[in-house]
Amino acid sequence: MRRRELLGVVGTATVGSLAGCTGLFETRSVRAPPLPENRPNAVYMPTHIEGMEMAGMQSNGSYKCALTYTYPHRFWLVTGSRRKKVDIKSNDSVHLMPVVWETETGIVPPDINPQVQITQDGESVAQLAPWPMLSQPMGFHFGDNVQLGGNGTYQVEVSIGSPSTRRTGSLENNQGQATFSFEFDFQQSALEEIMYRDIPSDTEGTKGAVDPMGMEMMPSTQVPTETDLPGTVRGSATSGDAKFVVTTLTDATPFGGSEDERYLAISPRTPYNRYMLPLMSLSGTLNRGDDAVYDDILQSTIDPELGYHYGAVVDSVESGDELTITVDSPPQTARHEGYETAFFEMDEMTVSL
């Protein structure tokens, strides 16, 4: 019978405080308990939550990188609108997560595709390209399960490539190409001390989400609240359980336009935790009466104030205009439990501006 250990879910805490809860499981199977039946096509409460540990932090140029890890995870890969479950293998050692962010803004860019090389005593142990992922406690990150050779010290090199997403403002010249080196002392006994908590059976599988973990030394991947978005917030719409907030800026110069043009920005986020939803394909049609003022793609962009968003330069925006947002491709990120059923069936949305 599956063991229940906790009557509540985790709230905010530091990375360090998420370790130290021992004796909550006996076998690897407990770390992947049966999935809830009748999961909704929406964000739902998972069966359990886990903490994580940090193996080190390094800086290089305009970026910082923290090497973090936790228990091996099951997760779901996403290709188009299809998902494929990745189960925990018997020889998986850890779920390794290199967290890279831009030092000035704290933004975690989803487009730098870190590459990881693990060696021990000069011998190759593993090479991997971690998946872009969504997790309820952690938000967006890169991660993958890794097979190590048991207890010992490993050398881990994390390299990031050039960005593929447009950057604006002070981030415009932040072009990536950085390498970070770590020594990772892996001990199975230390891994087993990382926090593991069960979600009560009457809560798991219901709509909702666990709280983000507090990470004092690392940034969050939450996007700005509606009140903190720059410009004039015009409204919002929901599709596939994701919320899309629309704002307009009066000067489009930082986005390739002119000061006489307007910038139309769409900021998608997860419900409950307000995490960014990157790697989508969006298009938009701005209608003024019977005329289409704009009808084209919405370009993914990373801006210091808007964060990760999708936008377009338009000639003007007037009260009464209608913006239709079409999700041509849902977020192409792998999903941890609680997100794998959401953000797929995303209907067209119309927002009156």
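Above this note sits the structure.
Residues numbered from 1 in each chain as written. Predicted model: local features only at pLDDT ≥ 70, side-chain atom pairs only at ≥ 80, totals over all residues. Heavy atoms only, no water.

Asks: What am I meant to see in the overall build of the protein here?
Replies: Of the regular secondary structure elements, the protein holds 1 helix and 23 strands. Over its C-alpha atoms the protein spans a radius of gyration of 21 Å, differing by no more than 12% from the 20 Å that the globule rule assigns to 353 residues. Dimensions of the protein along its principal axes, counting C-alpha atoms only, are 65 × 45 × 30 Å. Buried positions account for 53% of the 353 residues belonging to the protein. Sequence separation of 24 or more characterises 73% of the internal contacts of the protein that already satisfy a separation of 6 or more. Counting every atom, the protein has about 15,000 Å² of accessible surface; 42% of that belongs to carbon and sulfur. (Helix = DSSP H or I, 4+ residues; strand = E, 2+ residues; numbered from the N terminus. Rg over C-alpha atoms; globule rule 2.2 N^0.38 Å. Buried < 20%, exposed > 50% of the residue type's maximum accessible area, 1.4 Å probe, protein only. Contact = heavy atoms within 4.5 Å. Areas by Shrake-Rupley, 256 points an atom, 1.4 Å probe, with all protein chains shown as cover.)

Asks: I tried to follow the side chain of Thr168 on my own but got confused; where do I start?
Replies: For Thr168, the location among the structural elements is in the loop between strand E12 (166-167) and strand E13 (178-186). A distance of 2.7 Å separates polar atoms of two side chains, one belonging to Thr168 and the other to Asp303. Not counting the four nearest positions on each side in its chain, Thr168 is found in contact with Pro254, Phe255, Thr301, Ile302, Asp303 and Pro304. (Polar contact = N/O pair within 3.5 Å; in protein donor to acceptor, adjacent residues only side chain to side chain.)

Asks: Please explain the side chain of Glu102 as it appears in this structure.
Replies: Assignment of secondary structure puts Glu102 in strand E6 (residues 94-102). If we ignore the near neighbours within four places in the chain, the residues touching Glu102 are Ser62, Tyr63, Ile107, Pro109, Arg167, Leu171, Asn174 and Ile302.

Asks: Looking at this structure, how should I read the pattern of salt bridges?
Replies: Pairs may arise between side chains of opposite charge once their charged atoms sit close together. Counted according to the given criterion, the structure contains 8 salt bridges. Where Arg167 meets Glu102, a salt bridge forms, and the shortest distance between an N and an O atom there is 3.1 Å. Of this pair, Arg167 sits in strand E12 while Glu102 sits in strand E6, and the two are 65 residues apart along the sequence. Like Arg167, the residue Glu102 is buried in the burial classification. (Salt bridge = Lys/Arg side-chain N within 4 Å of Asp/Glu carboxyl O.)

Asks: Please explain the nonpolar core as it appears in this structure.
Replies: Within the largest apolar cluster, 75 residues are counted, with the highest numbers of intra-cluster contacts made by Leu96, Ile118, Phe184, Phe244, Ile266 and Phe343. Per-element tally for this core: the top contributor is E6, with 6 residues. Once residues lying within four places of it in the same chain are set aside, the contact partners of Phe184 are Ala55, Leu67, Tyr69, Leu96, Leu148, Gly152, Thr153, Tyr154 and Val156. (Core = buried A, V, L, I, M, F, W, Y, C linked by side-chain atoms within 4.5 Å.)

Asks: Would you mind showing me how to read the pairing of strand E3 (residues 63-70) here?
Replies: Here is the key point about a regular strand: its side chains alternate between the two faces of the sheet. Within E3, 7 of the 8 residues are buried, which leaves it mostly tucked inside the rest of the structure. The pairing of strand E2 (residues 53-60) with E3 spans 7 bridges and is classified as antiparallel. Counterpart to Ser59 in the pairing with E3 is Lys64. In sequence, E2 turns back onto E3 through a hairpin of 2 residues, with Gly61 there showing a positive phi of about 60°. As paired elements, E3 and E6 share 8 bridges and run antiparallel to each other. Bridged to Cys65 within E6 is Val100. (Pairing = 2+ DSSP bridges.)

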